[in-house]
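Residue strings, one per chain:
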Amino acid sequence: MIASLGPRYPRKVVIESVRKVLDRKRRIILEGIVEESIDEKDILGEIVDTIQKALTSTLRPVVNATGIIVHTNLGRSILPEEAIESMVQVARSYSSLEYDLETGKRGSRYVHTERLLREVTGAEGALVVNNNAAAVFLVLNTLARGKEVIISRGELVEIGGSFRMPEVMAMSGAVLREVGCTNRTHLIDYEQAIGDSTVALMKVHKSNYRIIGFTHEVGARELVELAHRRGILALEDMGSGCFVDLSRFGLHGEPTVKGELEEGMDIVTFSGDKLLGGPQAGIIVGRKELIEKLKRNPLTRALRVDKLTLSALEATLRLYYDEDRALEYVPTLKMIAMPLDELKKRAEGLKEKLKVLVEDRSLEISVIPSKARTGGGSLPEVDIPSWAVSVKHQKVAPQMIEEFLRKFNPPIIARIEEDRLLLDVRTLQKGDDEIILEAFTRWTKVRL
Ligand SMILES: *Cc1c(COP(=O)(O)O)cnc(C)c1O
């Protein structure tokens, strides 16, 4: 019987799985505490399960029912279909990655996105690297190594995953000069700190926290005006880097890349996979001669992006020629823009289907208002109204249901609030309702 597995699965995995299952059986039998099945069919079933587990990717699709749109742990942005198609095409064939089709000579991989970025943001120049952390690092290393850069104490941010502004600066070779206080920094603080070795004033987006109460920060325009008056650079790490004004969706306070460039910032950096809704990338836009300097830094080669990223980013950026197209076809923006009444309808629909399917009468299913978030270092502490399907069991703790869903195939990631499980519909994709229904049907069977 085991021999029949041979042609279906890699030999190495079969042998390891057989060994694992038999070892486990032996141990249980020797301990003699519980009765263990030694039926051949059961054993074979266990072996097949173990093989399949070993062959499943650890990086796999999940259902995001958290309501957090740019969820860093769940892969940030879902790509637009256009970007996926473009990646598939480039992956399948040779491409013009670094080949100039006009001249027949070697070209640059950076031209593919540079023109689009210039057109969409109004910048003179643009460069794409691996992620925004790399972008900030490259900018500081190229323009400020051994020199001072002034930043407000209120903006020395730590983004998860050990990106800490002071440490990135230290690694880049730039010298950090902190000014102001945590809650208040004034223009005069920057002004008094400018010395002979100061090359830039830098603004950093407060991506994952807000300072409220007695506060003051210096805006982009004032900062730029001061920097240029004193003959130094104005740099900005925007974090998320949004292209669309989100205030019409009730989300205030997220500046746009174009807006910051219009205020006069010399260099602006941001992520490709946060509010922009594209692939992981670090995008640097700004003055042409500075961008040229960045390109000449040997580090750029080490931080460069691959062809799949470039093709996905190019396709994503193209959607931004027309803002309405971006709002419709970039999933991240679409989820933000989704009207509340549509979400309520979706939640009601899911609830009804669940009620029909799920036989467990002690499961209380209802629709309740929820709070979604953009996440991913944008608009911290700003709630987006949403709707969720709430699930509560008379006898089973919500943590148990959460675990069951998380271990389902495909996994469903939900959140627990006030002793009930919430499935926020704002982040659900097409087809996710069916997966959730399947999971709960299975839940009922396991429970019965
Ligand atoms: C998210 C973020 C980063 C890091 O960007 P990655 O693309 O994840 O490397 C850096 N700075 C700020 C302000 C951020 O919000």
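Here the structure is shown first, and the text comes after it.
Read on for an overview of the structure. Since the structure is predicted, the reported quantities are computational estimates derived from the model, not experimental observations.

Criteria and thresholds
Residues numbered from 1 in each chain as written. Predicted model: local features only at pLDDT ≥ 70, side-chain atom pairs only at ≥ 80, totals over all residues. Heavy atoms only, no water. Pairing = 2+ DSSP bridges. Helix = DSSP H or I, 4+ residues; strand = E, 2+ residues; numbered from the N terminus. Axes fitted to C-alpha atoms, helices over the stretch in contact; angles between N-to-C directions. Contact = heavy atoms within 4.5 Å. Core = buried A, V, L, I, M, F, W, Y, C linked by side-chain atoms within 4.5 Å. Buried < 20%, exposed > 50% of the residue type's maximum accessible area, 1.4 Å probe, protein only. Salt bridge = Lys/Arg side-chain N within 4 Å of Asp/Glu carboxyl O. Near = heavy atom within 4 Å. Polar contact = N/O pair within 3.5 Å; in protein donor to acceptor, adjacent residues only side chain to side chain. Nonpolar A, V, L, I, M, F, W, Y, C, P; charged D, E, K, R; others polar.

**Looking at the sheet that holds strand β10 (residues 198–204)**
Hydrogen bonds between backbone groups are what pair the strands of a sheet, and the pairing can be parallel or antiparallel.
Step number 1: With mixed pairing, the seven strands of this open sheet are ordered in space as β5-β13-β12-β11-β10-β6-β9. Strand pairing shows two members of the sheet lacking a second neighbour, β5 (125–129) and β9 (175–179), which therefore form its edges. If you compare each strand with its neighbour and ignore which way they point, the axes differ by 20° on average.
Step number 2: Along the sheet, helix α4 (residues 111–121) contacts β5 and β13 (282–286); its crossing angle with β5, the most-contacted strand, is approximately 125°.

**Notes on the nonpolar core**
Step number 1: Core analysis: the largest hydrophobic core is formed by 55 residues, its most contacted members being Leu201, Phe243, Leu246, Phe270, Val285 and Tyr320.
Step number 2: The element contributing the most residues to this core is helix α8 (residues 220–229), with five residues.
Step number 3: Sequence-distant contacts of Leu246, that is, excluding residues within four places in its chain, are made with Leu251, Leu275, Leu333, Ile336 and Leu379.
Step number 4: Phe137, Leu138, Leu140 and Leu303 belong to the second-largest nonpolar core, a separate cluster that totals 33 residues.

**Here's the deal with the pattern of salt bridges**
Step number 1: Overall, the coordinates contain 38 salt bridges when judged by the stated rule.
Step number 2: Taking the shortest distance from any N to any O, the salt bridge between Lys351 and Glu348 comes out at 3.5 Å. Of this pair, Lys351 and Glu348 both sit in helix α15 (residues 340–357), three residues apart, which is roughly one turn of that helix.
Step number 3: Between Glu418 and Arg420 there is a salt bridge, with the nearest N and O atoms lying 3.4 Å from each other.
Step number 4: What makes Glu418 exposed here is its relative accessible area of 65%.
Step number 5: If you follow the salt bridges from partner to partner, you end up with Glu114, Arg118, Lys288, Glu292 and Lys295 in one network.

**Topic: the site of the ligand**
Step number 1: Looking at the ligand, the residues that line it are Arg76, Asn131, Asn132, Ala133, Ile159, Phe163, His205, Ser207, Asp237, Gly239, Ser271 and Lys274.
Step number 2: Residue Arg76 places a side-chain N or O atom 2.9 Å away from an oxygen atom belonging to the ligand.
Step number 3: A distance of 2.8 Å is found between an oxygen atom of the ligand and a side-chain nitrogen or oxygen belonging to Lys274.
Step number 4: When contributions to the shell around the ligand are tallied by element, the ones reaching two or more residues are α5 (132–144) and β11 (233–239).
Step number 5: Tallied by class, the residues present in the shell around the ligand amount to three nonpolar, six polar and three charged.

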